[in-house]
Amino acid sequence: MKIQLKYFLLILIMTSCSTTRNWQSEQNDNTLYATFEEFNGKENIKIKEDSSQIAYLSYFTNTTSGNISLEVNRDNFKFYPNKTIHLKTDLNTPLYVKITGEAAKGEFKLEYPTYKRPKIQVLYNSNFELLSLAFFLSNMYQNLKENESTFDYEGRKVKVKELYGLNLKIAEKFKNFQTSESLKVLDEFFQKRWYLDYTKYVLNLPELPNSSFRQESLDFQDVFESIEEERRFFTALRGFYKEINFDVFLEEYQPFYDKMIQEVNNNLPEEDFITEMEHLYAKKANGYFLNASLTMPFSQGFAITKSDRIGYVFGSLTLPLEINDLNNLKLGYSNSSELRNISVHEFGHSFVNPVIDKIEDSLIDDKKHLFEPIKEKMSEQAYSSWKITLYEHFVRAGEIFIAEQLGDYETATKLSKDYIEKRQFIYLKQIIPAMRNWYNEEYFSKSYSNFVKETIENLKFES
């Protein structure tokens, strides 16, 4: 028999050369589930070659009599009966899976989703540059300019304002506009909400200043209480752009933007963690981006989803070392370890947070007492509620688990020690073993959402 299946851009073909009795199977997109009373012979699955894709084969076999085995044309494949196994492989050559039975009674489960080869886009957005500049001018510039305090930074004394040297250099150009009426209006909004709450709005706007107000095509009721309020914010933002001749600044600072993008691109992490992430959470995105910013205050960052693309906006990551010599700029974005950590962590929030948001409030509230032992330490890190703390626990569990899946046990151990011992995410001691058990033993019987809910139900304080 020959069954032809469509899985997005791939054609999966299963052929049978077997004698099978009492065979029942269900096939759906990229999964196959079969039970059998007696299975003799073999079944074959072929996933066609496609160098733009990566396949992730997961299987589980369970036999009560006879024998069943799987063979895959990949050197790193090993068959373990009655155990869940995951195999990630490229499709530079076709992938063949052969299932062989000898009077077998039992079941087997297969999943074979494919994923686009991940690529992180590095960019900047002029609308966001203006938003961050407006915030810095109205809320940070004056205090930082006058701040002469120092602290130890990587073994030497550094002034606080040195860390913000790039921000201060840019703000200095616009200090005469601190009394701007447009800036005053924007600051009113910054007092109502954290300025980064407006990130998604400005990223979705057409590029200022030529865009016009188009409320009917945008829906941002989460940040604006009315159409009139949205129009007032938009008008002030566009007015500020024109008032300070922001386009002149963007042109003048193009060498800085080019260098910033170069520093990030030269220090990007290997993107294979994205495939691990998509497989772990059983969810895909249309793309991934890192939006670097010259005007965003040093060390700040914000996770954002735009048009089903997952991203992160961020300012400089380390002390800017040279911000005046155009031929030798060192702007503070050349930090490979930090870029890896923020990519895995911040991208992770876009997968994890919606899962926790769907869990009934009664369960979250029932475990709220677990926040008390770590409340002070969490608050010091700006995690002010139990639900936010749950987000952070499960995202960090994912970081550690993904590092393990990639064979980077040094990073996994380092993160575990930092998160549990230093930063007091103590419930990771329960969540991580539960995640390993789910992925290796219960992957086919529980979704990630089920795992999260059950794990929260079982959390307890251990002194």
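Scroll up to find the structure.
Below or above, wherever it landed, is the structure these notes cover. (Residues numbered from 1 in each chain as written. Predicted model: local features only at pLDDT ≥ 70, side-chain atom pairs only at ≥ 80, totals over all residues. Heavy atoms only, no water.)

Focus on the nonpolar core
Consideration 1: Grouped together as the largest cluster of nonpolar side chains are 127 residues, with contacts concentrated most on F233, L294, F314, F394 and Y448.
Consideration 2: The residues contacting L294, other than those within four sequence positions of it, are E129, L166, N167, I170, Y253, F256, Y257, M260, L331 and Y333.
Consideration 3: With 23 residues, the next largest nonpolar core counts A34, Y59, F77 and I99 among its residues. (Core = buried A, V, L, I, M, F, W, Y, C linked by side-chain atoms within 4.5 Å. Buried < 20%, exposed > 50% of the residue type's maximum accessible area, 1.4 Å probe, protein only. Contact = heavy atoms within 4.5 Å.)

Some remarks on the packing of helix 5 (residues 181–192) against helix 7 (residues 227–243)
Consideration 1: Relative to each other, helix 5 and helix 7 sit at 135°, their axes nearing to 8 Å. In terms of orientation, helix 5 lies oblique with respect to helix 7. When the axes of helix 5 and helix 7 are compared, the crossing they make is left-handed. Two secondary-structure elements touch here, helix 5 through S182, L183, V185, L186, E188, F189 and K192 and helix 7 through E229, R232, F233, A236, L237, G239, F240 and E243.
Consideration 2: When grouped by side-chain class, the residues that make up the contact of helix 5 with helix 7 number eight nonpolar, two polar and five charged. (Axes fitted to C-alpha atoms, helices over the stretch in contact; angles between N-to-C directions. Helix = DSSP H or I, 4+ residues; strand = E, 2+ residues; numbered from the N terminus. Parallel < 35°, antiparallel > 145°, perpendicular 65-115°, else oblique. Left-handed = near helix turned anticlockwise from the far one by under 90°. Nonpolar A, V, L, I, M, F, W, Y, C, P; charged D, E, K, R; others polar.)

Quick word on the pattern of salt bridges
Consideration 1: For the coordinates displayed, the defined rule picks out 18 salt bridges.
Consideration 2: For K157, the salt bridge goes to D152, with nearest N and O atoms at 3.7 Å. With respect to class, K157 is no different from D152; both count as exposed.
Consideration 3: Via salt bridges that share partners, E148, K159 and K161 belong to a single interconnected network. (Salt bridge = Lys/Arg side-chain N within 4 Å of Asp/Glu carboxyl O.)

Side note on the side chain of T455
Consideration 1: Its place among the elements puts T455 in helix 17 (residues 448–458).
Consideration 2: By relative accessible area, which is 8% here, T455 ends up buried.
Consideration 3: Beyond its immediate sequence surroundings of up to four residues, T455 is in contact with F394, I431 and A434.

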